[in-house]
Structure formats: structure tokens, C-alpha cells
Amino acid sequence: LGRTGCCVSKVIGEGSGKDCNADYGFLPEIPSTERVDDLIALADKYDTVIVATIIRTASYKENSGKLSPELARMLSAINASQANLVTLIIGSPYVLADLPQFDGCLVAYNDDAYSIEAIISATFGDFEPTGHLPVNVSDKYFRGYSYGK
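Nothing here was measured: the structure is a model prediction, and the numbers come from that model.

Rules behind the numbers
Residues numbered from 1 in each chain as written. Predicted model: local features only at pLDDT ≥ 70, side-chain atom pairs only at ≥ 80, totals over all residues. Heavy atoms only, no water. Core = buried A, V, L, I, M, F, W, Y, C linked by side-chain atoms within 4.5 Å. Buried < 20%, exposed > 50% of the residue type's maximum accessible area, 1.4 Å probe, protein only. Helix = DSSP H or I, 4+ residues; strand = E, 2+ residues; numbered from the N terminus. Contact = heavy atoms within 4.5 Å. Phe/Tyr/Trp six-rings, centres within 6.5 Å; stacked < 30°, edge-to-face > 60°. Salt bridge = Lys/Arg side-chain N within 4 Å of Asp/Glu carboxyl O. Arc of directions from axis to C-beta.

1. Examining the nonpolar core
No. 1: Val51, Leu67, Met74, Ile78 and Leu99 are the most contacted members of the largest nonpolar core, which has 27 residues in total.
No. 2: Broken down by secondary-structure element, the contributors of at least two residues to this core are helix 1 (33-43), strand 3 (48-54), helix 2 (69-81) and strand 4 (84-90).
No. 3: When residues no more than four places from it in sequence are discounted, the contact partners of Leu99 are Leu67, Ala72, Leu75, Ile89, Lys140 and Tyr141.
No. 4: If you look at the next biggest cluster of nonpolar residues, it comprises nine residues, including Ile50, Ala52, Ala108 and Ala122.

Here's what the structure looks like:
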């Protein structure tokens, strides 16, 4: 999983005693249209899709802290076709401004090892996350926002 980019992984039946059928794909920060289309098609083959982004914010860098249009398109397409999509936003909550509202979305405001470990642990049910967004991202994702609250 690169420092900037998007990793798509799919898991079926983990921990349920069923055979685990998993796959993954990696995208650079600015992927080709063809690669995005390939991953959208791959995601359609699975019951559950986990998409994790690690986007860092850098001072004075144009479009810093934002997804490329192709990554945003991929997340929107997978969200539209998947009943079980889990989206992990790591590093910059401002990524949310360019995305539709997801039912299963966790945000880690930092990209250090502790934050990554925590978001993965929460994803797999080790604990119930209780945090709230510390900043205003958009009208739908405002300071204090927490899913279901």
C-alpha cells in the first residue's frame, strides 16, 4: 500500500469458516482510465469491497489532499454497484468533499502507523469507532459529523 494512491481489496467469508476469496489491486495517485475500469470490473465479482486511500496534504501543492478525478470516479462507481462497500480514508479527511456519502466509511485524520492500525482494527470489528470529524469538509461532512449520530 503506497503512501499516495488507492488500494482496492475484496474479502469474502473471512472469519466465518467459509473459504476466504480475496484479491487486491493497487492504483497510483493518478491512474489511467483503463486501470480504473479494470478495478471497477474486478470489484463487481465480490460481495464485499474494501477501498483504502492514503492521501497526504502538502503545503503549496496544487490539489493537495484531494483524490484524482479517476480515483473519485472509481469510488463512486463501486459505491453505486456494491451493497457492501467499506471506504477507508487515511491522511486527509478533505477527500470526502469530492465523494458521495458512503454507508460504510471510516476516516483517519493522520497517516501514521497508529492511525492506520486503528482504522484497520475498526474495519474488522476489533472496536466500535466513536470519533467525529475535527474539521469542516463540506456541507454533508461538517465538523463534528459522525455516521449515525
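2. Regarding the packing of aromatic side chains
No. 1: Scanning all chains against the criterion turns up two aromatic pairs.
No. 2: For the pair Tyr141 and Tyr145, a centre-to-centre distance of 5.4 Å together with 85° between the ring planes defines the contact as edge-to-face.
No. 3: The exposure class assigned to Tyr141 is buried, which follows from its relative accessible area of 3%.
No. 4: Where Phe142 meets Tyr145, the ring centres are 5.5 Å apart and the plane angle is 85°; that geometry is what we call edge-to-face.
No. 5: One aromatic cluster is present, formed by Tyr141, Phe142 and Tyr145 through successive ring pairs.

3. Examining the environment of Ser68
No. 1: Considering the arrangement of structural elements, one finds Ser68 in the loop between strand 3 and helix 2.
No. 2: Exposure remark for Ser68: the relative accessible area of 10% places this residue in the buried category.
No. 3: The residues touching Ser68, leaving out its near neighbours within four places in the chain, are Glu29, Ile30 and Pro31.

4. Observations regarding the pattern of salt bridges
A side chain of one charge can pair with a side chain of the opposite charge when the charged atoms of the two come close.
No. 1: Throughout the structure, instances matching the rule amount to two salt bridges.
No. 2: For the salt bridge of Asp37 with Arg73, the shortest nitrogen-to-oxygen distance reads 2.9 Å. Here Arg73 lies in helix 2 and Asp37 lies in helix 1, a separation of 36 residues in the sequence.
No. 3: Exposure remark for Asp37: the relative accessible area of 36% places this residue in the partly exposed category.
No. 4: For the salt bridge of Arg73 with Glu70, the shortest nitrogen-to-oxygen distance reads 2.8 Å. Here Arg73 and its partner Glu70 are both found in helix 2, three residues apart, which amounts to about one turn of the helix.
No. 5: What you see here is one network of salt bridges that share partners, running through Asp37, Glu70 and Arg73.

5. What to know about helix 3 (residues 113-123)
Turn by turn, an α-helix covers 3.6 residues, leaving residues three or four places apart pointing in a common direction.
No. 1: Taken together, the buried positions of helix 3 are occupied by Ser115, Ile119, Ser121 and Ala122. Within helix 3, the buried residues cover an arc of 160° as seen down the axis, which keeps them to one side. Away from the buried face of helix 3 by more than 90 degrees, exposed residues Ala113 and Glu117 are located.
No. 2: Of the surrounding elements, those touching the buried residues of helix 3 are strand 4 and strand 5 (104-108).

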